[in-house]
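Take a look at the letters that make up each chain.
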Amino acid sequence: MTGLDDGNGGKQRVRLQGIEKRFLRTRALDGVSLDAGTGILGLLGPNGAGKTTLLRILATILAPDAGEVRLLGRNPSRSRDRLEIRRRLGYMPQEPGFHRNFTAFEFVDYVAILKEMTHRPRRHQEVRRALELSGLESVSGKKIRALSGGMRRRVALAQSLLGDPDLLILDEPTAGLDPEQRLRFRDMVSRLGEDRTIVVSTHQTEDVAALCQQVVVMNAGRVLLTGAPRDVAEVARGHVWLADGRDPRARLAWRTAEGRHRNIGDAPPGAELAEPTIEDGYLLLVGERAFSEAA
Amino acid sequence: MSWHGDPALMETYALGILDEVHSSSIEAHLLRCERCREAIARHVGRDRIEGMWAAIEERLDIAPQGMVERLLGRLGMPDHVARLLAATPSLRLSWFGAVAIALAFATVAARAGSVGVLQFLVVAPLIPLAGIAVAYGPRVDPTYEVGLAAPMRSFRLLMIRALAVLITSMALVGIAAIALPHLDWTAAAWLLPSIALSLGNLALSSYWSPQRATVGLVAAWTLAVVLGERFSSVPYAAFRAAPQAAFAMIAVASIVVLARRREAFDTRRGR
């Protein structure tokens, strides 16, 4: 395990062992194991890798068919434990839905009620805090249907921050955000990750490189690699080379801004090797998996 | 301008204990005099400013409530329950409008003859059933997934919404029933089937998706009424004493199933 610093006497806040989940004939998760303490853990993988299923299990809304789950030291298959976990959990789904007639404030307030905050002044204070943290104080009175897609994602993020959760599950939070919003998001999540556990799924390698202390690369329901972002990049060491043209031996190649071609695959002898990035490692990992399945 | 506020008077005003006449005079002056505004700021406590600001925010934030929520508030419902109900698809004005139109057609048909009365009796129990089917669940509630991950029990949310939908739907059907041609036993014959089908739908939803449970119950209900009319010598056979007793038993059995299966609503079924 490439453990995160949990700052809690070595006690992991998320522990999954051999998780399996099947939907009819589709095996969504196949023996997934991972551990996480305080910090940000990124789930990286293509569509259909099983990230959302895994996050739903972490959010306690889906039960695995097999395997062991421990969240915040509790077992979510037990009703009482599940309730305690949910009291310390924030969850932003991949496709957050909204009651579009609500204002941003009313919507977050609605979720605050679902989070057992019934005392109105204290609840409203917490709603304002979550909206402010997400940079939404100026639009809190606007109807959700009048907000842009990026703003709506921030509203979804705001509801997940209610109650200052110890475990934050974010499913594709940067999808649909413009570059400025994405930077703001990174800044905010990075600060939040200083004293809690955040599990974030993405297929944006830049997000993982910028935010996460630990990354889990998934494909077809399996964990391909667990480690630091640099470990993902290291997978591609010796497999990335620059050439004046597209090399036929490369599995993937593209023309860079400098006019040369960056080739990824089995480098030929004497090739001009390049420093690998997390993106190179990810492409190689996921690409190899796809290649072996096709064979 | 030569006149400025007396410092002692200004301090009393800042503490919020000055009488109304002097307060009005000072407020009129403060609007025009920057020097006095700066002077008074020193006397106003941070707690008081934060309290006033919180009150302003509170008024701004709660202002744009929807019509359903405002109405429920006026009826004395706690604000958090009113907000939970305001997010219920089958408690929106558009839903009530659709129900009113359906009931209007059924009532007009009922006035045309006995077949129309039977049609009304078939449709009436389906209205609360349909309302409950779209009150909560994975395909009808956009915040279903967020709600599941929250500590409030999904079963509790479902019961709050179902009860509100049942009461409002049955009130609308009850009003329509008054317009039936004969105010005899048939005007109330839909009551027990309505309750049985609605509770049955909730109980089946602990096994299947609410939509699947609804489709199954609508089919079974329609078939039962049609077969009753086809093979019985008495009219409105499905609404006579024996079937009514069966509906009461279904309602009780559904309550037992719901109590035992309440945790089934706590997690997703399927993807």
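Structure: above.
Here we summarise the structure given alongside this text.

Cut-offs used in this document
- Residues numbered from 1 in each chain as written.
- Chains lettered and ligands numbered in written order.
- Predicted model: local features only at pLDDT ≥ 70, side-chain atom pairs only at ≥ 80, totals over all residues.
- Heavy atoms only, no water.
- Pairing = 2+ DSSP bridges.
- Helix = DSSP H or I, 4+ residues; strand = E, 2+ residues; numbered from the N terminus.
- Axes fitted to C-alpha atoms, helices over the stretch in contact; angles between N-to-C directions.
- Contact = heavy atoms within 4.5 Å.
- Buried area = accessible area lost by both parts, 1.4 Å probe.
- Salt bridge = Lys/Arg side-chain N within 4 Å of Asp/Glu carboxyl O.
- Polar contact = N/O pair within 3.5 Å; in protein donor to acceptor, adjacent residues only side chain to side chain.
- Phe/Tyr/Trp six-rings, centres within 6.5 Å; stacked < 30°, edge-to-face > 60°.
- Buried < 20%, exposed > 50% of the residue type's maximum accessible area, 1.4 Å probe, protein only.
- Lys NZ or Arg CZ within 6 Å of the ring centre and 35° of its normal.

## Let's talk about the sheet that holds strand β1 (residues 14-23) of chain A
Residue and element names in this part refer to chain A. Across the sheet, which stays open at both edges, the three strands sit in the order β2-β1-β4 with antiparallel pairing between neighbours. The outermost strands of the open sheet, each flanked by one partner alone, are β2 (26-36) and β4 (66-71). The mean inter-strand angle of the sheet, taken between neighbouring strand axes irrespective of direction, is 25°.

## Notes on the interface of chain B and chain A
With 36 residues of chain B at the interface, the matching set in chain A holds 39 residues. When the two sides are added together, the surface that chain B and chain A hide from each other amounts to roughly 3,500 Å², 57% of it contributed by carbon and sulfur. Here chain B and chain A share seven salt bridges between them. Here D266(B) ties to R86(A) by a salt bridge, and the two come within 3.8 Å at their closest N and O atoms. Counting across the chain B and chain A interface gives 15 residue pairs in polar contact (both at pLDDT 80 or more). For the side of chain B that touches chain A, the elements supplying multiple residues, two or more each, are α4 (46-62), α6 (79-86), α9 (144-148) and α10 (154-178) of chain B.

## What about the packing of aromatic side chains?
Considering all chains together, one arrives at seven aromatic pairs over all chains under this definition. Relative to Y110(A), the ring of F102(A) lies with its centre 6.0 Å away and its plane at 50°, an arrangement referred to as tilted. Each member of the pair, F102(A) as well as Y110(A), is classed as buried. Centre to centre, the rings of W185(B) and Y236(B) are 6.1 Å apart; their planes meet at 70°, and the pair counts as edge-to-face. Here the residue W185(B) occupies a position in the loop between α10 and α11 (191-204), and Y236(B) occupies one in the loop between α12 (210-231) and α13 (241-260), the gap between them amounting to 51 residues. For W185(B), a relative accessible area of 37% corresponds to the partly exposed category. Taking relative accessible area as the criterion, Y236(B) reaches 12% and is therefore assigned buried. Here a set of aromatic residues connected by ring pairs shows up, and it is made of W221(B), F239(B) and F247(B). Above the face of the F231(B) ring, R230(B) is positioned so that its terminal group lies 5.4 Å from the ring centre.

Take it as geometry only, folks, not as evidence of what the structure does.
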